[in-house]
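# Structural overview for review
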Amino acid sequence: PELKAFLKETNGVDKYKNVEVNFIAGRKAVLTIFNDGKEVEKVTLSDYNDTEKLHQLFAEKGFARYSDSEVAARRKMKEAESAQAESSQASSGLRGTQTQRFTNKKAGVGKSDARLSTKERKRLMKDKLRQLKEARENYMVVGAPVG
C-alpha cells in the first residue's frame, strides 16, 4: 500500500525531476533508469516497503527533487488541465443527463447508457477501447538521473 501511495499520490514520486510513471496492471513496479536513451539499471520497487526507503533509493540513484514552490506550481497546472478536460467534456455534445448517466456508470452505479444515440454510444465505446489499449501499452519508465 505504501508503494502504491508513493507512485500515485502527492509527496511521492511526483517530487522528483525527470521521472515518468506508467502503469501496467498486474505487474510489479520496476524503476527503470535510462541514460541517453539507453537502459542502465532496473530496480524492483516492491522490495522497498516504506516511503522513506523509496525516497532514499531515489536520492541514491541521483534523482533531483523539485522545490516546494515547483511542486505547488506543477499541482496547479495539473488541476487546471483536469478542469479544462472536464469543461471540454461538458461541451462535447453530450446533454447533461446523458453525461451524468455515463459518469454514474463509470463510477460503478451501473445505469444503462441505452438512451444515448447510436453515434454517442459508438464514441463512448471507442473511448473505452482507446483507454484499454493505452493501459496495455503503458509501462513504468523513469528518466535519467540529474547529476
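The residue numbering used here restarts from 1 in each chain and proceeds along that chain's sequence as written. Local features are withheld for residues below a pLDDT of 70 in this predicted model, meaning they are given only at 70 or higher, and side-chain atom pairs are given and counted only at 80 or more; totals for whole chains, interfaces and linings count all residues. With hydrogens and water excluded, all non-hydrogen atoms of the structure serve as input to the side-chain values.

### Some details on the overall build of the chain
A helix here means a DSSP run of H or I that spans at least four residues, while a strand means a run of E at least two residues long, and both kinds are numbered starting from the N terminus. Across its full length, the chain holds 5 helices and 4 strands. The helix and strand sequence of the chain, counted from the amino end, reads α-β-β-β-α-α-α-α-β. Across the 147 residues that make up the chain, the buried fraction comes to 24%. In this analysis, two residues are considered to be in contact whenever any of their non-hydrogen atoms come within 4.5 Å of each other. Here the analysis covers contacts within the chain between residues at least 6 apart in sequence; of these, 62% occur between residues at least 24 apart. For the area figures, the Shrake-Rupley method with a 1.4 Å probe applies, and any residue is considered shielded solely by the protein chains shown. Taken as a whole, the chain presents about 10,400 Å² of accessible surface, with 50% of it coming from carbon and sulfur. Remark: exposure states derive from per-residue accessible area (1.4 Å probe, protein chains only) relative to the maximum for the residue type, with buried under 20%, exposed over 50%, and partly exposed in between.

### Some details on a nonpolar patch on the surface
On the surface, Met125, Leu129 and Leu132 cluster together into a nonpolar patch covering about 290 Å² of accessible area. Residue class for Leu132 comes out partly exposed when judged on its relative accessible area of 48%. Grouping into patches uses exposed residues only, defined as over 30% relative accessible area, and leaves out salt-bridged ones; the cut-off is 9 Å for like charges and 5 Å for nonpolar side chains (Val, Leu, Ile, Met, Phe, Trp, Tyr). The salt bridge criterion pairs a side-chain nitrogen of Lys or Arg with a carboxyl oxygen of Asp or Glu, the two atoms within 4 Å.

### So, the pattern of salt bridges
Side chains that differ in sign of charge can pair as their charged atoms come close. With the rule as written, the count across this model stands at 4 salt bridges. For Glu70, the salt bridge identified is with Lys17, shortest N-O distance 3.9 Å. A residue pair is termed long-range when its members are at least 10 positions apart, and Glu70 in helix α3 (residues 68-90) and Lys17 in the loop between α1 (2-8) and β1 (19-20) qualify at 53 residues. A relative accessible area of 27% means that Lys17 is categorised as partly exposed.

### Brief notes about the side chain of Lys15
Here Lys15 shows up in the loop between α1 and β1. Buried and without a salt bridge, Lys15 has Asp68 as its closest oppositely charged side chain, separated by 4.2 Å. Excluding residues within four positions of it along the chain, Lys15 makes contact with Ala64, Arg65, Tyr66, Asp68 and Val71. We treat Lys and Arg as the positive residues and Asp and Glu as the negative residues; His and chain ends play no part in the count.

### A look at the packing of aromatic side chains
Each pair of aromatic rings taken from Phe, Tyr and Trp, with Trp reduced to its six-membered ring, is defined by centres within 6.5 Å and is described as stacked if the planes are under 30 degrees apart, edge-to-face if over 60, and tilted in the remaining cases. Scanning all chains against the criterion turns up 3 aromatic pairs. Here the aromatic rings of Phe6 and Phe58 are separated by 5.5 Å at their centres, their planes lie at 55 degrees, and the arrangement is tilted. Within this pair, whereas Phe6 is found in helix α1, its partner Phe58 is found in helix α2 (residues 51-60), the two being separated by 52 residues in sequence. We note that Phe6, like Phe58, is buried. A centroid spacing of 4.9 Å and a plane angle of 35 degrees characterise the contact between Tyr16 and Phe58, whose relative ring orientation is tilted. Here Tyr16, found in the loop between α1 and β1, pairs with Phe58, found in helix α2; they are 42 residues apart in sequence, far enough to count as distant. Phe58 matches Tyr16 in its accessibility class, with the two residues each being buried. Taken together, the ring pairs connect Phe6, Tyr16, Phe58 and Phe63 into an aromatic cluster.

### Notes on the confidence of the model for the chain
Scored by pLDDT, the chain has a mean of 75; 73% of the residues are at 70 or more. Averaged pLDDT values for the elements of the chain fall to 44 in helix α4 (residues 96-106) and rise to 89 in α2. Note on residues 94-111: pLDDT under 50 across the span, and 23 contacts to partners over four residues away in sequence or across chains. Residue-level confidence of the predictor is summarised by pLDDT, bounded by 0 at the bottom and 100 at the top.

### A short note on the nonpolar core
Core analysis: the biggest nonpolar cluster contains 15 residues, and Phe6, Leu7, Leu31, Leu45 and Phe58 have the highest contact counts within it. At the level of secondary structure, the elements contributing two or more residues to this core comprise α1, β2 (30-35) and α2. Side-chain atoms within 4.5 Å are what join buried Ala, Val, Leu, Ile, Met, Phe, Trp, Tyr and Cys residues into a set we call a nonpolar core.

### Observations regarding α2
Residues of α2 that are buried: Leu54, His55, Leu57 and Phe58. Here the buried residues of α2 occupy an arc of 155 degrees about the axis, which is enough to place them on one side. Turned more than 90 degrees away from the buried face of α2 sit Glu52, Ala59 and Glu60, all of them exposed. Elements in contact with the buried residues of α2: α1, β1, β2 and β3 (38-44). One or two steps after α2, the chain reaches Gly62, where phi turns positive at roughly 90 degrees. Directions drawn from the helix axis to the C-beta atoms are what define this arc.

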